[in-house]
Amino acid sequence: MKSRWYKDAVFYQIYPRSFKDSNGDGIGDIRGIIEKIDYLKGLGINAVWLSPVYMSPNDDNGYDISNYRDINPEFGTLEDWKEMIDKMHQNGIRLVMDLVVNHSSDEHQWFLESKKSKDNPYRNYYIWRPGKNNDGKKPPNNWTSRFGGSAWKYDQNTNEWYLHLFSEKQPDLNWENPAVRQEVVDICNYWLDLGVDGFRCDVITYISKANGLPDGKYNPILRGDEHFVAKPKIHEYLNQLNRESWSKYDTMIVGEAAGLTRKDAELLVSESRNEMDSVIEFELSLVDMKFNAIPVKLNLKKFKKIQSAWQNIPDDCWNTLFYENHDQPRSISRYGNEFGPFRKELAKMLAISYITLKGTPYIYQGQEIGMSNISLNPDEYADIMTKRIFQITKKFPPLYWLAKKVMKKVARDNARTPMQWSDGANADFSTSTPWFKLNPNYGDINVQAQLNNPNSILNFYKKIIDFRINNEILIKGSYKEYFPNHKRVYAFERAYEGKRFIIICNFKSDVVNLNCIDMNAMGAKLVLSNYANTAETFKNGMTLRAYEAFIYYIES
Ligand code: GLC
Ligand code: CA
């Protein structure tokens, strides 16, 4: 029986390549993680989501797996991994691993076999189709890869095309084939037997494709996704994994769920349906994006509306709370002015604004010290997605110009710069040159400097993590939004058994007066705020300074 431990958890996401290098080759690794478990313990988190460490040719930094049961030697060995999970468990930290099974690497043994011939026993592990007009010149349908261009790659040897919703080195697995599903069950059980506490299922909403793989509606970026996001068979597939693997252990299963509606999400995570425990969805991450791709100024009213809608999903569903991960830009660069005088207050306000919501919060490495986006030239980006975008737009100067502007704000590499441990050589991430450029601000923004400063972002994260983990009201309480039409302030209440927190966040750098609220009259006690000095804020209603945020407690 599952113990729902994840409802009390605060997760920390590790992107291993950029976390800590232990052997001086410039690449973060498992022994580096082992070195930093004391740091994670000190931060107070009690669960880790580890991005892929499996064998991989790294076309997409490990999200292209060539052997699901072994560790990539650049990260270490299975023995190192076992030592890591033991030490995490000894320190009260659960470990959730990435499970990337919408696709494998094209260097996986299954694919090497599959492409040999049409009658190879592994042929049906992948999605092969003849070209549209049989001379092999036109792909089977018009779907686009999430990384740009057609989602099909022609293979001369067998005169057929295979589907790849991501890079051509990431062929999609054919979930219609029961043998593929059995393989996934076995992989899950293999890691669960080794002690992992659950999986973050990569792009799991894409595993079921519409019958007949019909052409998609016209959409320059996401063509076809109406035919593979959360199609009906996904429920059958997830039920099987749940029945034959996940439910036999005390797991947490969180599915990455691009393009999901709230109704679909409920079907995937409702407790009675035995599929997954929660989803990572992106409605909030798209609110400040036009056409799903071009960043625009944040409209706080829309942002709050989405946040509240997800907070109000039925009681037998559970939310995932996050602003950052390895695919998203840094939150202080995205939601405020990271270069202004209130950078620290901004970072702390953002922490308050989501860690106090209902659901399981995730903190992405470096977020807890206020790491920010990096400014790069086009040839400095390392991520396959950004490189593809430059490659495609290069022929069209106005588009290329736009791509350069947009990538500065949203490129996935913004979150993938090495962790800033100190102001020393290579930020103490490595003893040699890191695999990817360090953010030049590591002299100012680093762990070492913040550890000893009681007012640092890092020490604030420690406070709020502790506050969240040890607080029934925040874990179990109901949610109610205040002033939904306010354009600058996000305010809400969390209530449980007659006790309440009222959380008030100024998302803007201007001063805001909230005359309509009188905390003294309500008998409220201030329990946490992001400024060192809060003395003046009670007079004449409430005045919120730049990015000021409060948590009040009311017992009635
Ligand atoms: C997920 C991962 C992303 C990866 C993609 C393909 O979205 O988070 O990093 O590129 O899946 O596996
Ligand atoms: Ca290393």
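Note that the structure is a prediction, hence the values are computed from the model and not measured.

Considerations on the overall build of the chain
Part 1: Each helix and strand counted, the chain has 15 helices and 22 strands in total.
Part 2: Taken against the 2.2 N^0.38 rule, which gives 24 Å for 556 residues, the C-alpha radius of gyration of the chain at 24 Å falls within 12% of a compact globule.
Part 3: With respect to the three principal axes, the spread of C-alpha positions in the chain is 80 × 55 × 50 Å.
Part 4: A burial count over the chain gives 61% of its 556 residues as buried.
Part 5: Sequence separation of at least 24 residues holds for 69% of the intrachain contacts in the chain that already meet a minimum separation of 6.
Part 6: Within the structure as shown, the chain displays about 21,900 Å² of accessible surface, and the carbon and sulfur contribution to it stands at 49%.
Part 7: Across the chain, the centroid of the 72 positively charged side chains sits 6 Å from that of the 70 negatively charged ones.

Overview of the site of ligand 1
Part 1: What surrounds ligand 1 is a group of 14 residues, the closest being D60, D202, E256, H326 and D327.
Part 2: A distance of 2.9 Å separates an oxygen atom of ligand 1 from a polar side-chain atom of H103.
Part 3: H326 places a side-chain nitrogen or oxygen 2.8 Å from an oxygen atom of ligand 1.
Part 4: Protein chains shield 96% of the accessible area of ligand 1, which is 310 Å² for the free molecule.
Part 5: Split into classes, the residues belonging to the shell around ligand 1 amount to four nonpolar, three polar and seven charged.
Part 6: Both domain 1 (5–103 + 179–465) and domain 2 (104–172) contribute no fewer than three residues apiece to the shell around ligand 1.

Re the coordination of the calcium ion (ligand 2)
Part 1: Each protein donor to the calcium ion (ligand 2) is listed here as D21 (OD), N23 (OD1), D25 (OD), I27 (O) and D29 (OD); together their distances run 2.2 to 2.3 Å.
Part 2: Site description for the calcium ion (ligand 2): donor spacing in sequence, D-x1-N-x1-D-x1-I-x1-D.
Part 3: Judged by relative accessible area, which is 37%, D25 ranks as partly exposed.

Here we look at the sheet that holds strand β11 (residues 278–280)
Part 1: Read across the sheet, eight strands follow the order β11-β10-β9-β5-β2-β1-β15-β14 without closing on themselves; strand pairing throughout is parallel. Edge positions in the sheet fall to β11 and β14 (320–321), since each has one partner strand and no second.
Part 2: Bridging between strand β2 (residues 47–50) and strand β5 (residues 94–99) involves four bridges; their strand directions are parallel. Residue pairing in the sheet places W49 in a bridge with V96 of β5.
Part 3: Strands β5 and β9 (198–201) of the sheet are contacted by helix α5 (residues 178–193), whose axis makes an angle of about 135° with β9.

Comments concerning unusual backbone geometry
Part 1: The residue N159 is not glycine, and still its phi comes out positive at about 55°.
Part 2: With respect to the helices, strands and loops of the structure, N159 is situated in the loop between β7 (152–155) and β8 (160–163).
Part 3: Here N159 falls in the partly exposed class, since its relative accessible area comes to 34%.

What to know about helix α14 (residues 457–469)
Part 1: Between its terminal C-alpha atoms α14 stretches 18 Å, which fits the 18 Å expected from 13 residues at 1.5 Å a residue.
Part 2: Of all 13 residues in α14, 10 are buried, a share of seventy percent or more.
Part 3: Of all the positions in α14, only I457, L458, N459, F460, Y461, I464, I465, F467, R468 and I469 are classed as buried.

Looking at the pattern of salt bridges
Part 1: Overall, the coordinates contain 36 salt bridges when judged by the stated rule.
Part 2: For E74, the salt bridge is made with R17, and the minimal N-O distance between the two is 2.1 Å. Placement of E74 in the loop between β4 (67–71) and α3 (78–90) and of R17 in the loop between β1 (11–14) and α1 (30–35) is noted, with a sequence separation of 57 residues between them.
Part 3: Residue R17 is classed as buried on the basis of its relative accessible area, which comes to 8%.
Part 4: Where D383 meets R412, a salt bridge forms, and the shortest distance between an N and an O atom there is 2.7 Å. Within this pair, whereas D383 is found in the loop between β15 (360–364) and α11 (384–393), its partner R412 is found in the loop between α12 (397–410) and α13 (447–451), the two being separated by 29 residues in sequence.
Part 5: The class for D383 is buried, based on a relative accessible area of 3%.

Considerations on the domain arrangement of the chain
Part 1: On domain assignment, one finds that the chain holds domain 1 (5–103 + 179–465), domain 2 (104–172) and domain 3 (478–555).
Part 2: Placing a centre on the C-alpha atoms of domain 2 and another on those of domain 3 gives a separation of 55 Å.

Focus on the packing of aromatic side chains
Part 1: Summed over the entire model, instances satisfying the criterion amount to 39 aromatic pairs.
Part 2: Seen in terms of ring centroids, W49 and Y362 are 6.2 Å apart; in terms of plane orientation they differ by 75°. Their pairing is edge-to-face. In this pair, W49 is assigned in strand β2 and Y362 in strand β15, connecting sequence segments 313 residues apart.
Part 3: Over the aromatic face of W435 sits the side chain of R17, whose NZ or CZ is 5.4 Å from the ring centroid.
Part 4: Positioned above the aromatic ring of W128 is the side chain of R123, whose terminal nitrogen or guanidinium carbon lies 3.8 Å from the ring centre.

Examining the pairing of β2
Part 1: Neither face of β2 is left uncovered, since the one carrying A47 and W49 and the one carrying V48 and L50 both have all their residues buried.
Part 2: Bridge count between β1 and β2: four bridges; the pairing is parallel. Paired with F11 across the bridge in β2 is A47.

Considerations on the sheet that holds β8
Part 1: As summarised here, the arrangement of the three strands in space is β6-β8-β7, forming an open sheet in which the pairing is antiparallel. Looking at which strands have only one partner, the edges of the open sheet turn out to be β6 (128–129) and β7.

Remarks on the side chain of N414
Part 1: Along the chain, the position of N414 falls in the loop between α12 and α13.
Part 2: According to the relative accessible area criterion, N414 is buried, its value standing at 1%.
Part 3: The residues contacting N414, other than those within four sequence positions of it, are P329, R330, S372, N373, I374, M407, K408 and K409.

About the thresholds
- Residues numbered from 1 in each chain as written.
- Chains lettered and ligands numbered in written order.
- Predicted model: local features only at pLDDT ≥ 70, side-chain atom pairs only at ≥ 80, totals over all residues.
- Heavy atoms only, no water.
- Helix = DSSP H or I, 4+ residues; strand = E, 2+ residues; numbered from the N terminus.
- Rg over C-alpha atoms; globule rule 2.2 N^0.38 Å.
- Buried < 20%, exposed > 50% of the residue type's maximum accessible area, 1.4 Å probe, protein only.
- Contact = heavy atoms within 4.5 Å.
- Areas by Shrake-Rupley, 256 points an atom, 1.4 Å probe, with all protein chains shown as cover.
- Lys, Arg positive; Asp, Glu negative; His and termini not counted.
- Charge placed at Lys NZ, Arg CZ, Asp CG, Glu CD.
- Near = heavy atom within 4 Å.
- Polar contact = N/O pair within 3.5 Å; in protein donor to acceptor, adjacent residues only side chain to side chain.
- Nonpolar A, V, L, I, M, F, W, Y, C, P; charged D, E, K, R; others polar.
- Domains from an automatic or database assignment.
- Donors = N, O, S within 2.8 Å, 3.2 Å for Na, K, Ca; no water.
- Pairing = 2+ DSSP bridges.
- Axes fitted to C-alpha atoms, helices over the stretch in contact; angles between N-to-C directions.
- Expected span 1.5 Å × (residues − 1).
- Salt bridge = Lys/Arg side-chain N within 4 Å of Asp/Glu carboxyl O.
- Phe/Tyr/Trp six-rings, centres within 6.5 Å; stacked < 30°, edge-to-face > 60°.
- Lys NZ or Arg CZ within 6 Å of the ring centre and 35° of its normal.

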